[in-house]
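# Coordinate analysis (summary)
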Amino acid sequence: MDCERIEAALLAVVDGRAAKQERERVEGHVAACGACARRMEEMQGVWSDLDSLRAVEPSPSFDARLRARMAEQPARPRFFEWMTGNMRLVAVVAALVAVAVWISLRPTIQRPAPSSAQAQQDFAVVKNLPVLENYDVVANFDVLSDLPGAEDTSTQPQSLE
Amino acid sequence: MAELQLSAATGVLYNLDPMATTDVELMLGVKAGDEACFERLLAKYRTPLVSFLYRMVRNQATAEDLAQEAFLRVFRARKDYVPGAKFTTWLFRIATNLALNSLRDSRRHLRDLSVDQTDEDQGPGLDVIDPAAEIEETLVERERAKRIWDAVEALPEKQRVAVLLHKYQDLGYDEIARILGCSESALKSLLFRAYETLRVRLAPLAPDATGAGKGK
């Protein structure tokens, strides 16, 4: 086992997680290698130093405060909590709403008001609409045959009857 | 009846009930509406979780708030619980995310606080150092402890979490790797770099270092 592999295995020996076989291999190498022995000693020093990061006990009111929070918390996340957890969806919805608002508020194309002559013509068309519903009149509308090119009627129905 | 068991590897006190079923069984009990099961999970992991979070955020009130939030999230998710990964993996993953978010949210505020005082500057906590030892504690020892805190705090976030879970929690490499969302080999590499950084930063504190405590 070379020093590089030993270095990678040192931590598991120091923290006590190494398997027996691995530990014995490392310890055997360290006994014969001054550099790795020093390395291991330094690692053990760091491990011991970290013992000074003190632990804390939860305060006596910890459980009571937790139960109070459990009582006041809804079973499901609150709306704003849900929103913060789904920011992508919220962003998409916000973008869609913004587009909808923009479309509804954008200036509409102003069409010119129809002239009075045009209005009268439109009114006449509307007024004569019942005539078009009378199929007898339309079927015998001879005036159409007087129009230029009216001879070629082979593809047109002769009558609506 | 609950009893305390000291983990040989990490020195962490765990509340263990002789009648205890596995965490997964307890969580299934919580899912079925058995509040006693939740109480047992709470009793077992309350202290390890608060201690882990305290070492992350260096403030007991914040650590307790975050621990409560972690338990709340477990409780709220009970209906959707499906036995899969170990309960501790789930719990510490929640706690890790909460701690990292808290640190990120309050980084500027914490920086201001660190200039003045954090909990450990005000003296030891509730349980570890007995009153007699506290009285005998010298300024040098306090300075030494502060340097170690600072060295750990200066680690990159992921390395810091890895070291705290590795050093103080009774978790295997595979479980820590799952908590951090990385492979076991990546975790070992992460830990190696973290301890190497700590070794360099804490070298002045070594007993054979000349003028211990002056080198940083």
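Residues numbered from 1 in each chain as written. Chains lettered and ligands numbered in written order. Predicted model: local features only at pLDDT ≥ 70, side-chain atom pairs only at ≥ 80, totals over all residues. Heavy atoms only, no water.

## Some remarks on the nonpolar core
Condition: Nine residue types can take part in a nonpolar core, namely buried Ala, Val, Leu, Ile, Met, Phe, Trp, Tyr and Cys, and a core is a set of them joined through side-chain atoms within 4.5 Å. Buried residues are those whose accessible area, probed at 1.4 Å on protein chains only, stays under 20% of the maximum for their type, while exposed residues exceed 50% and partly exposed ones sit between those limits. Runs of H or I in DSSP of at least four residues are treated as helices and runs of E of at least two as strands, each being numbered from the N terminus. Here, two residues are considered to be in contact whenever any of their heavy atoms come within 4.5 Å of each other.
Among the nonpolar cores identified, the biggest contains 80 residues, and Leu50 of chain A together with Tyr195 and Leu198 of chain B are the most heavily contacted of them. Looking at this core element by element, the count peaks at 12 residues for helix α2 (residues 35-57) of chain B. Residues in contact with Leu198 of chain B, not counting those within four places in the same chain, are Val46 and Leu50 of chain A together with Ala151, Val152, Leu155, Val163 and Ala203 of chain B.

## Let's talk about the state of the cysteines
Our working rule: When two cysteine sulfur atoms are found within 2.5 Å, that pair is recorded as a disulfide.
For the structure shown, the criterion picks out zero disulfides over all chains. With no disulfide partner, Cys3 of chain A has as its closest neighbouring cysteine sulfur the one in Cys36 of chain A, 3.6 Å distant.

## Focus on α2 of chain B
Residues and elements named next belong to chain B. Counted only if it meets this: Bend is the name given here to the angle between axes fitted to two runs of seven residues, the run ending at a residue and the run starting at it.
The largest bend in α2 is about 45 degrees, located at Tyr45, with the proline Pro48 one to four residues further on. Burial runs high along α2: 18 of the 23 residues are buried. Of the residues trailing α2, Arg58 is marked for its positive phi of about 60 degrees.

## Section: the packing of helix α1 (residues 3-14) of chain A against helix α2 (residues 20-32) of chain A
Any two packed helices are characterised by how steeply their axes cross, that is the angle between the axes, and by the distance between the axes. Residues and elements named next belong to chain A. Rules: Between the N-to-C directions of two axes lies an angle of 0 to 180 degrees, each axis being a line fitted to C-alpha atoms and, for a helix, fitted only over the stretch in contact. We call two directions roughly parallel when the angle between them is under 35 degrees, roughly antiparallel when it is over 145, roughly perpendicular when it lies between 65 and 115, and oblique otherwise. Should the near helix be turned anticlockwise from the far one by less than a right angle, the crossing is termed left-handed; should it be turned clockwise, right-handed. Each residue receives one of three labels: charged for Asp, Glu, Lys and Arg, nonpolar for Ala, Val, Leu, Ile, Met, Phe, Trp, Tyr, Cys and Pro, and polar for the others, Gly being one of them.
Running from N to C, α1 and α2 point in directions that differ by 125 degrees, and their axes come no closer than 10 Å. The angle between the axes of α1 and α2 places the two elements in the oblique class. When the axes of α1 and α2 are compared, the crossing they make is left-handed. Note on element contacts: α2 touches α1 through Glu22, Arg23, Arg25, Val26, His29 and Val30, opposite Cys3, Ile6, Ala9, Leu10, Ala12 and Val13. Split into classes, the residues belonging to the contact of α1 with α2 amount to eight nonpolar, one polar and three charged.

## What about the environment of Arg23 of chain A?
Residues and elements named next belong to chain A. Position of Arg23 among the secondary structure elements: in helix α2. A residue is classified by how much of its surface remains accessible, and Arg23, at 31% relative accessible area, is partly exposed. Between the C-alpha atom of Arg23 and that of Ala9, which follows or precedes it by 14 residues, the distance is 8.4 Å. Apart from the residues lying within four places of it in its own chain, the contact partners of Arg23 are Val13 and Ala18.

## A word on the interface of chain B and chain A
Counted only if it meets this: By buried area we mean the combined loss of accessible area, with a 1.4 Å probe, across both parts when two parts are placed together. Salt bridge, as applied in this entry: a Lys or Arg side-chain nitrogen positioned within 4 Å of an Asp or Glu carboxyl oxygen. Contacts described as polar in this section are N or O atom pairs within 3.5 Å, which, within protein, must combine one atom able to donate a hydrogen with one able to accept it, while residues neighboring in sequence count only if both atoms come from side chains.
If you look at the interface, chain B gives 51 residues, while chain A gives 33 residues. The junction of chain B with chain A conceals about 4,100 Å² of combined surface from both sides, 58% of it contributed by carbon and sulfur atoms. Taken as a group, Gln68, Arg76 and Lys167 of chain B account for 15% of the area that chain B buries against chain A, more than any other trio of residues on that side. Between the two partners, chain B and chain A, sit eight salt bridges. Across the pair Arg144 of chain B and Asp49 of chain A runs a salt bridge, and its minimum N-O distance is 2.7 Å. If you look at where chain B meets chain A, you find 24 residue pairs in polar contact (both at pLDDT 80 or more). Those elements giving two or more residues to the side of chain B that touches chain A turn out to be α2, α3 (60-76), α7 (139-153), α8 (157-168) and α10 (184-202) of chain B. For the side of chain B that touches chain A, the element with the most residues is α3 of chain B, which contributes 10 residues. Looking at side-chain class alone, the side of chain B that touches chain A contains 26 nonpolar, 10 polar and 15 charged residues.

Nothing here speaks to function; it is geometry throughout.
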